[in-house]
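# Close look at the chain arrangement
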Amino acid sequence: MNIAILGGGHVGGALGKSWAGRGHAIHFGLRNPADPKYRQLAAGGGLHITLATVAEASKAAEIVVVATPWPAAKQALADASPLAGKIIIDCTNPLKSDLSGLEVGHTTSAAEQIAGWAQGGQVVKTFNHTGAGNMANPGRYPLRPVMFVCGDDAHAKKTVLDLVQDIGFDAIDAGPLTMARELEPLAMLWISLALKQKLGPNIAFALMRAKA
Ligand SMILES: NC(=O)c1ccc[n+]([C@@H]2O[C@H](COP(=O)([O-])OP(=O)(O)OC[C@H]3O[C@@H](n4cnc5c(N)ncnc54)[C@H](OP(=O)(O)O)[C@@H]3O)[C@@H](O)[C@H]2O)c1
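Basis of the calculations
- Residues numbered from 1 in each chain as written.
- Predicted model: local features only at pLDDT ≥ 70, side-chain atom pairs only at ≥ 80, totals over all residues.
- Heavy atoms only, no water.
- Core = buried A, V, L, I, M, F, W, Y, C linked by side-chain atoms within 4.5 Å.
- Buried < 20%, exposed > 50% of the residue type's maximum accessible area, 1.4 Å probe, protein only.
- Helix = DSSP H or I, 4+ residues; strand = E, 2+ residues; numbered from the N terminus.
- Arc of directions from axis to C-beta.
- Contact = heavy atoms within 4.5 Å.
- Near = heavy atom within 4 Å.
- Polar contact = N/O pair within 3.5 Å; in protein donor to acceptor, adjacent residues only side chain to side chain.
- Areas by Shrake-Rupley, 256 points an atom, 1.4 Å probe, with all protein chains shown as cover.
- Pairing = 2+ DSSP bridges.
- Axes fitted to C-alpha atoms, helices over the stretch in contact; angles between N-to-C directions.
- Phe/Tyr/Trp six-rings, centres within 6.5 Å; stacked < 30°, edge-to-face > 60°.

### Notes on the nonpolar core
It is characteristic of soluble globular proteins that their nonpolar side chains tend to be buried jointly. Grouped together as the largest cluster of nonpolar side chains are 31 residues, with contacts concentrated most on Ile5, Leu15, Trp19, Val65, Ile89 and Phe127. Ranked by the residues each element gives to this core, the list is headed by helix H6 (residues 154–166), at five residues. Listed in part, the 28 residues of the second largest apolar core include Val54, Ala80, Ala110 and Val123.

### What to know about helix H4 (residues 110–117)
Ala110, Ala111 and Ile114 are the residues of H4 that are buried. The buried residues of H4 occupy one face: seen down the axis, they fall within an arc of 95°. As for H4, its buried residues are in contact with helix H3 (73–80), strand E5 (87–90), strand E6 (122–125) and helix H7 (180–196). Gln119 occupies a position one or two residues after H4 and carries a positive phi of about 45°.

### Some remarks on the site of the ligand
Near the ligand lie 25 residues; those nearest to it are His10, Val11, Arg31, Lys37 and Tyr38. Contact distances for the ligand include 3.3 Å between an oxygen atom and a backbone N or O atom of Gly9. Interatomic distance of 3.4 Å between a backbone N/O atom of Asn93 and an oxygen atom of the ligand. Taken by itself the ligand offers 910 Å² of open surface, and the protein chains cover 80% of this.

### Quick word on unusual backbone geometry
As a rule of thumb, non-glycine residues mostly have phi less than zero, and peptide bonds are mostly trans rather than cis. Along the chain, Ser81 connects to Pro82 via a cis peptide bond; the corresponding omega equals 5°. With respect to the helices and strands, Pro82 occurs in the loop between H3 and E5. In this structure, His106 takes a positive phi of about 70° despite not being glycine. Within the element layout of this structure, His106 appears in the loop between E5 and H4. In the Ramachandran plot, Lys198 falls in the positive-phi region, its phi being about 60° despite a non-glycine side chain. Within the fold, Lys198 resides in the segment after H7. Exposure remark for Lys198: the relative accessible area of 70% places this residue in the exposed category.

### Some thoughts on the environment of Ala174
When you line up the elements, Ala174 lands in strand E8 (residues 170–175). A relative accessible area of 22% means that Ala174 is categorised as partly exposed. In this structure, the C-alpha to C-alpha distance between Ala174 and Thr126, residues 48 residues apart in sequence, is 9.7 Å. Discounting residues that sit within four places of it in the chain, Ala174 has contacts with Phe148, Val149, Cys150 and Met179.

### Considerations on the sheet that holds strand E4 (residues 63–66)
A sheet is described by the order of its strands in space; here eight strands give the open sequence E3-E2-E1-E4-E5-E6-E7-E8, paired in mixed fashion. Because the sheet does not close on itself, it has two edges, and the strands there are strand E3 (49–53) and E8. Within this sheet the neighbouring strands show an average axis-to-axis angle of 25°, counted without direction. Bridge count between strand E1 (residues 2–6) and E4: four bridges; the pairing is parallel. Bridging from a neighbouring strand, Ile5 pairs with Val65 of E4. Most of the contacts of helix H1 (residues 10–20) go to strand E2 (residues 25–30), to which it runs at about 160°, and overall it touches E1, E2, E3, E4 and E5.

### Some remarks on the packing of aromatic side chains
This model, assessed by the stated rule, comprises three aromatic pairs. Ring centres of Trp70 and Trp117 lie 5.5 Å apart, and the angle between their planes is 25°; this geometry places the pair in the stacked category. Here Trp70 is found in the loop between E4 and H3, whereas its partner Trp117 is found in helix H4, with 47 residues between them in sequence. According to the relative accessible area criterion, Trp117 is partly exposed, its value standing at 23%. For the pair Phe127 and Phe169, a centre-to-centre distance of 6.0 Å together with 70° between the ring planes defines the contact as edge-to-face. Of the two residues, Phe127 sits in the loop between E6 and helix H5 (132–136) while Phe169 sits in the loop between H6 and E8, which places them 42 residues apart along the sequence. Clustering of aromatic rings is evident, with ring pairs tying together Trp19, Phe127 and Phe169.

Written as structure tokens, this is what we have:
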């Protein structure tokens, strides 16, 4: 698939490498694609990875991944328009700047706000509740790390579940987009365990099933 990734940081870089390694075409949408700091995103011989502006990357793709800090998401989506007919994967967490909690929650979510800005794009929330290191390499655990996926459009969600599965996660349909109200606090739990409780970034949630 043609996948635009808005943001070339920890999350964008990890997802781009993982999907490119599985044969997808990755179009990084960057504020300044000529910045030398982004050259390493395209390293890796034989992989289809391009560095472009946000508008160019979005135009080339049927999937648009929002991997920017939360305060930048609205502008990134405006720059990526038109988005009608595209699938928007929201990886953001609306973190307070001191990581003490979320800026929105309970009665709405970042994902629902993004759906309001995506102008005809179908928003699916996922990849927000584990560390970027796990997105680069989920295969290093004894169980497959779980990745919950929520969204309102059945076709968009199925497409994203397949993309999540593709890079090695146990992809689970968590329901409609309003379930992002639960997935965004789940990210706070992961962050708190990794940083405040000092378990470090090499941890992941898994879903166990009882033996039949
Ligand atoms: N880090 C994690 O482990 C993790 C895990 C799950 C979810 N998340 C969430 O994922 C999102 C990205 O996190 P991250 O750690 O990857 O952040 P990061 O390393 O700081 O990277 C953010 C990227 O967004 C770009 N950016 C900023 N404003 C932009 C705009 N208007 N248009 C296009 N690109 C823009 C930045 O590029 P410039 O060079 O232009 O500034 C940078 O490449 C956040 O919402 C975070 O909460 C993070």
